[in-house]
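Fold and geometry: a report
One letter stands for each residue in the lines below.
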Amino acid sequence: MATFDLILRNGTCVLPWGQEVADVGVRNGKIAAIGDLRGADAAELVDCSHLHVLPGLIDAHVHLRDPGDATVETIPTGTKAAILGGITGVFDMPNTAPSITTREKIDWKRDYVRDNTYCDIGFYVGAARSNIAELGELEAEKNVCAIKVFAGSSTGDLMIEDDESLERVMRSGRRRIAYHSEDEYRLQARKPMFTKGMPHANHAEWRDVECALLGTRRLMALARETGRPAHILHVSTAEELDYLKDFRDVATVEVLVNHLTQWGPDAYERLGGYAVMNPPIRDKRHYEAAWAAVADGTVDVIGSDHAPHSRANKEKPWPDCSAGLTGVQTIVPMMLTQVNAGRLSLSRLADLMAAGPARVYGAVGKGRLAAGYDADFTLVDMKKSRTIEESWIVSPCGWTPFAGETCTAWPVGTIVRGHIVMRDDEVIGGPKGAPINFA
Ligand code: DOR
């Protein structure tokens, strides 16, 4: 009789080739079999009869603030939030305090996460003026998912805004680079047009469409010239989504859950500073364009850009309020609700949050519900309705821009390399996550 460590029994499995009701057998942290395993034995059995079994969903864009301000977020709290929300892996941004820009800091982080991460984790390395010459070596470090370039200013002190330096960054190595694309010169030039205390909706006027498009145009010109692949993070405008269709040879595209579920001026009127992020939430035309780009395949990855800040900093008047919104705990229920609303299929969601991140960043053994891959699963109940409440949020900052949203589906289990780490809202055991390897 075949024996497994774990069998997921009778779930509707979201396989790369379609949905099938099947059993999934796990051995030594890997998917060992998919099919009819009624004759097999297992140490642990999970009845998935009324559930969908998705490949472990990845949030490829989180800011866990570690090292930094532990009253806002840490790697243990942010990854606990992740597993409670059905996420099995996160890629963590480098704009911490201090930033992750050297081999020593990457080594520190790898060491630190060993006993402190609840889900698997990859590390971005930040591009800074001081480390351009070393970026080729830094991107080859174990567990680094990509170089992150802030080509426009946001939270933290990482920024490389001029073409000459950006070209040097692109010529430094080979792997795909992830960009925050807003044109810093236009951003600074427009700043004096706005005064303190103006309505929050001005955030999208200051950081306007041209600011984003100009930034992306400049990056695409340089990417073509140098042949260096680019991943444009949080694309927020109809214009860029249209433009990027002609750059599939060098560019992949991320869109955020926020830009797919919120729009201005409504979000600013309801949420004030809790709607302020970079690049901004824009009007409905861009929201519709984001969905069209999900539908036609322009979008490769959906992320949350989970970016915690203290309530005090979010509640300062615009433009002094911090930019960034929490989301790692809420992205899965919010996106599942969009599936039930008919905006995308469950298979497309798995493509955008599992296969997509694995392909774009080259995550080894991730993103695919198939034999031999890591036994990472997100178990979801497509009929479980639940309202997001701030009391559920485990990030110490304690807030979500999605409070009060009623979701029509919910993640009810998170499995990381065969370990059941969350079941029905309960975290099971201590941190069992590990650093992710990249090709
Ligand atoms: O709104 C944002 N917040 N956008 C970013 O690019 C950075 C992030 C943060 O770290 O706060």
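See the structure printed just above.
Residues numbered from 1 in each chain as written. Predicted model: local features only at pLDDT ≥ 70, side-chain atom pairs only at ≥ 80, totals over all residues. Heavy atoms only, no water.

Pairing is parallel in the open sheet, where 8 strands are placed in the order E6-E7-E8-E9-E10-E11-E12-E13. The sheet is open, and its two edges are formed by strand E6 (57–62) and strand E13 (301–303), each paired on a single side. Taken pair by pair, the neighbouring strands of this sheet meet at an average axis angle of 30 degrees, ignoring direction. With 4 bridges connecting them, E6 and strand E7 (residues 87–92) associate as parallel partners. Bridge pairing in E7 links leucine 57 to isoleucine 87. (Pairing = 2+ DSSP bridges. Helix = DSSP H or I, 4+ residues; strand = E, 2+ residues; numbered from the N terminus. Axes fitted to C-alpha atoms, helices over the stretch in contact; angles between N-to-C directions.)

Close contacts around the ligand come from 15 residues, with Arg65, Asn95, Thr155, Asn278 and His309 the closest. Take serine 154: an N or O atom from its side chain is 3.2 Å from an oxygen atom of the ligand. Here asparagine 278 contributes a backbone N or O atom positioned 2.8 Å from an oxygen atom of the ligand. Burial of the ligand by the surrounding chains reaches 100%, relative to a free accessible area of 290 Å². Per-class residue counts for the shell around the ligand are 4 nonpolar, 9 polar and 2 charged. (Near = heavy atom within 4 Å. Polar contact = N/O pair within 3.5 Å; in protein donor to acceptor, adjacent residues only side chain to side chain. Areas by Shrake-Rupley, 256 points an atom, 1.4 Å probe, with all protein chains shown as cover. Nonpolar A, V, L, I, M, F, W, Y, C, P; charged D, E, K, R; others polar.)

Further remarks concern the packing of helix H4 (residues 163–170) against helix H7 (residues 209–226). Between H4 and H7, whose axes approach to 10 Å, the crossing angle comes to 45 degrees. It follows that H4 is oblique to H7 by the angle criterion. For H4 against H7, the interelement crossing comes out right-handed. In this structure, H4 contributes Asp163, Leu166, Glu167 and Met170 to the contact, and H7 contributes Arg218, Leu219, Leu222, Ala223, Glu225 and Thr226. In terms of residue class, the contact of H4 with H7 is built from 5 nonpolar, 1 polar and 4 charged. (Parallel < 35°, antiparallel > 145°, perpendicular 65-115°, else oblique. Left-handed = near helix turned anticlockwise from the far one by under 90°. Contact = heavy atoms within 4.5 Å.)

The next subject is the nonpolar core. Counting residues in hydrophobic clusters, the biggest one holds 83 residues, and the most contacted among them are Val90, Val149, Met220, Ile302, Met335 and Met353. Excluding residues within four positions of it along the chain, methionine 335 makes contact with Val257, Leu260, Trp291, Ile302, Leu344, Leu349 and Met353. The next biggest cluster of nonpolar side chains, apart from the first, holds 21 residues, and it includes Ala267, Val276, Cys397 and Trp399. (Core = buried A, V, L, I, M, F, W, Y, C linked by side-chain atoms within 4.5 Å. Buried < 20%, exposed > 50% of the residue type's maximum accessible area, 1.4 Å probe, protein only.)

Using the criterion set out here, one finds 9 aromatic pairs in the structure. Their ring planes at 10 degrees and their centres at 4.9 Å tell us that tryptophan 108 and tyrosine 112 sit as a pair that is stacked. Taken together, the residues span about one helical turn, with tryptophan 108 and tyrosine 112 both in helix H2 (residues 103–113) at a distance of 4 residues. We classify tryptophan 108 as partly exposed; its relative accessible area is 36%. Aromatic side chains tyrosine 124 and tyrosine 361 sit 5.8 Å apart centroid to centroid with 85 degrees between the ring planes, which places their arrangement in the edge-to-face category. Taken as a pair, tyrosine 124 in strand E8 (residues 120–126) and tyrosine 361 in helix H14 (residues 346–361) lie far apart in primary sequence, 237 residues in all. Among the aromatic residues, those joined into a cluster by ring pairs are Phe91, Tyr124, Tyr361 and Phe438. The ring centre of tryptophan 206 lies 4.6 Å from the NZ or CZ of arginine 207, which sits over that ring. If you follow lysine 284 out to its NZ or CZ, it ends over the ring of tryptophan 263, 4.0 Å from the centre. (Phe/Tyr/Trp six-rings, centres within 6.5 Å; stacked < 30°, edge-to-face > 60°. Lys NZ or Arg CZ within 6 Å of the ring centre and 35° of its normal.)

Okay, unusual backbone geometry next. Put simply, aspartate 66 and proline 67 share a cis peptide bond, and its omega is 10 degrees. As for its position among the elements, proline 67 is in the loop between E6 and helix H1 (75–84). With an omega dihedral of 0 degrees, the bond running from alanine 97 to proline 98 counts as a cis peptide bond. Take proline 98: it is sitting in the loop between E7 and H2. Within the chain, asparagine 143 stands out as a residue other than glycine whose phi angle is a positive 75 degrees. Within the secondary structure, asparagine 143 is located in the loop between helix H3 (135–138) and strand E9 (144–150). Backbone geometry places aspartate 305, a non-glycine residue, at a positive phi of 55 degrees. Inspection of the secondary structure assignment puts aspartate 305 in the loop between E13 and helix H12 (311–314).

This next bit is on the pattern of salt bridges. When the charged atoms of two side chains with opposite charge come close together, those side chains can pair. Taken as a whole and judged by the stated rule, the model has 33 salt bridges. For the salt bridge of arginine 207 with glutamate 182, the shortest nitrogen-to-oxygen distance reads 2.6 Å. With arginine 207 in the loop between helix H6 (203–206) and H7 and glutamate 182 in the loop between strand E10 (177–180) and helix H5 (184–190), the pair connects residues that are 25 residues apart, well separated along the chain. Neither residue differs from the other here; arginine 207 and glutamate 182 are each classed as buried. Glutamate 390 is paired through a salt bridge with arginine 311; the nearest N and O atoms lie 3.3 Å apart. Taken as a pair, glutamate 390 in the loop between strand E15 (386–387) and strand E16 (406–407) and arginine 311 in helix H12 lie far apart in primary sequence, 79 residues in all. The partly exposed category is assigned to glutamate 390, whose relative accessible area is 30%. (Salt bridge = Lys/Arg side-chain N within 4 Å of Asp/Glu carboxyl O.)

Here H14 is 16 residues long and its end C-alpha atoms lie 22 Å apart, about the 22 Å a rise of 1.5 Å per residue gives. Of all the bends in H14, the largest measures some 40 degrees and sits at alanine 355, one to four residues before the proline proline 357. Of the positions making up H14, those classed as buried are Leu346, Arg348, Leu349, Ala350, Leu352, Met353, Ala354, Gly356, Pro357, Ala358, Val360 and Tyr361. One or two steps after H14, the chain reaches glycine 362, where phi turns positive at roughly 75 degrees. (Expected span 1.5 Å × (residues − 1). Bend = angle between axes of the 7 residues up to and from the residue.)

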